[in-house]
Amino acid sequence: MNTMTYLTEGTLSHGLRVAVRPLEPGDRMDLVNGFHHLSDESRYRRFMSPKPRLNNAEIRQLFETEELALVLVWQRSSCKDIVLGIAHAYRLSGDPATAEYCIAVTDEIHGKGAGRMLTNALAEEAKRRGIQRFTATMLGTNDAPARLLAGVGEVLADGCTMGTREMTVRLT
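All values reported here derive from a predicted model rather than from experimental measurement.

*Asks:* Please clarify how helix α1 (residues 28–35) should be interpreted in this entry.
*Replies:* Every α-helical turn comprises 3.6 residues, leaving residues that sit three or four positions apart pointing alike. When we look at burial in α1, the residues that qualify are Leu31, Gly34 and Phe35. Seen from one end, α1 has its buried residues packed into an arc of 105°, which puts them on one side.

*Asks:* Looking at this structure, I do not really get the environment of Pro145. What am I missing?
*Replies:* As for its position among the elements, Pro145 is in helix α5 (residues 143–150). Residue Pro145 is classed as buried on the basis of its relative accessible area, which comes to 12%. Note: C-alpha distance between Pro145 and Asp158 (13 residues apart in sequence) is 12 Å. When sequence neighbours within four positions are dropped, the list of residues in contact with Pro145 reads Tyr101 and Met138.

*Asks:* What am I meant to see in the packing of α1 against helix α3 (residues 56–63) here?
*Replies:* For any two helices packed against each other, one specifies the crossing angle of their axes together with the interaxial distance. The interhelical angle for the contact between α1 and α3, taken along N-to-C directions, is 135°, at an axis separation of 11 Å. By the angle class used here, α1 and α3 are oblique. Relative to α3, the crossing made by α1 is right-handed. For the pair formed by α1 and α3, the contact residues are Arg28, Leu31 and Val32 on the first element and Ile59, Arg60, Leu62 and Phe63 on the second. In the contact of α1 with α3, the residues fall into 5 nonpolar, no polar and 2 charged.

*Asks:* When you look at the pairing of strand β8 (residues 164–171) in this model, what are you seeing that I'm missing?
*Replies:* Both faces of the sheet carry side chains from a regular strand, because those side chains alternate between them. Examined bridge by bridge, strand β6 (residues 133–139) and β8 share 7 bridges and lie antiparallel to one another. Bridged to Leu139 within β8 is Thr164. Across 8 bridges, the pairing between strand β7 (residues 153–161) and β8 is antiparallel. Within the sheet, the bridge partner assigned to Gly153 lies in β8 and is Leu171. Counting the residues in the hairpin turn of β7 and β8 gives 2 residues, including Met162, whose phi is positive at 50°.

*Asks:* It is not clear to me how the packing of aromatic side chains should be interpreted in this structure. Could you clarify?
*Replies:* How two aromatic rings sit relative to each other is given by the distance of their centres and the angle of their planes. Inspection of every chain in the model, using the stated rule, returns 2 aromatic pairs. Plain terms: the ring middles of Phe35 and Phe47 are 6.0 Å apart, the flat faces sit at 65° to each other, and that makes the pair edge-to-face. Taken together, the positions of Phe35 in helix α1 and Phe47 in helix α2 (residues 40–47) put the pair 12 residues apart, joining distant regions of the chain. Exposure remark for Phe35: the relative accessible area of 5% places this residue in the buried category. A relative accessible area of 25% means that Phe47 is categorised as partly exposed. Note on Tyr101 and Phe134: the rings are 5.6 Å apart at their centroids and 25° apart in plane angle, and the pair reads as stacked. One end of the pair, Tyr101, is in strand β5 (residues 95–105); the other, Phe134, is in strand β6, and 33 residues separate them in sequence. The exposure class assigned to Phe134 is buried, which follows from its relative accessible area of 0%.

*Asks:* Hey, could you run me through the nonpolar core in this one?
*Replies:* When a protein is soluble and globular, its nonpolar side chains tend to lie buried together. The biggest cluster of nonpolar side chains holds 32 residues, and the ones touching the most others in it are Leu72, Tyr101, Leu118, Leu122, Phe134, Leu149 and Leu171. Of all the secondary-structure elements, those providing two or more residues to this core are β2 (17–22), β3 (68–74), β4 (82–92), β5, α4 (114–128), β6, α5 and β8. The dominant element in this core, judged by the number of residues it contributes, is α4, at 7 residues.

*Asks:* Looking at this structure, I do not really get the environment of Thr164. What am I missing?
*Replies:* Considering the arrangement of structural elements, one finds Thr164 in strand β8. Counting along the chain gives 26 residues from Thr164 to Met138, while the straight-line C-alpha distance between them is 5.8 Å. Discounting chain neighbours no more than four positions away, the residues touching Thr164 are Met48, Thr137, Met138, Gly140 and Gly159.

Thresholds applied
Residues numbered from 1 in each chain as written. Predicted model: local features only at pLDDT ≥ 70, side-chain atom pairs only at ≥ 80, totals over all residues. Heavy atoms only, no water. Buried < 20%, exposed > 50% of the residue type's maximum accessible area, 1.4 Å probe, protein only. Helix = DSSP H or I, 4+ residues; strand = E, 2+ residues; numbered from the N terminus. Arc of directions from axis to C-beta. Contact = heavy atoms within 4.5 Å. Axes fitted to C-alpha atoms, helices over the stretch in contact; angles between N-to-C directions. Parallel < 35°, antiparallel > 145°, perpendicular 65-115°, else oblique. Left-handed = near helix turned anticlockwise from the far one by under 90°. Nonpolar A, V, L, I, M, F, W, Y, C, P; charged D, E, K, R; others polar. Pairing = 2+ DSSP bridges. Phe/Tyr/Trp six-rings, centres within 6.5 Å; stacked < 30°, edge-to-face > 60°. Core = buried A, V, L, I, M, F, W, Y, C linked by side-chain atoms within 4.5 Å.

In structure tokens:
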């Protein structure tokens, strides 16, 4: 039986019951395996280059830092949650009130409200930890994370140079 504490729970637009909770050490293999369920296009849009696999340093950064990482899970009462997405915020070393925002959700739930649910929960948790702003770098053609960011705050900066979009929002 699952006894995990969730930060928020909800139902995606196609009826799947999901929840958001902090990333846990036991999620390591699920996250690595789940990465292979992202299409090549989704990986490219997230990492801005071809990305066949996560390297050990990237995995360590997610699991061995004090930074904020939340996962969206398919909530199941009789067995282990299934990780469907992750959002994280890493404080900038020169500006601890600002964190770099990143998100990835499985292709099957794109456009169903998963990114919004995960981003909203991340923003709320970030504010509780004293983070005032999110900044993000994305492909200029990847509008989804820009919409998600704009939904959690006031856009302070939004510019595109040579196909790369930089955006900063003040969390509200």
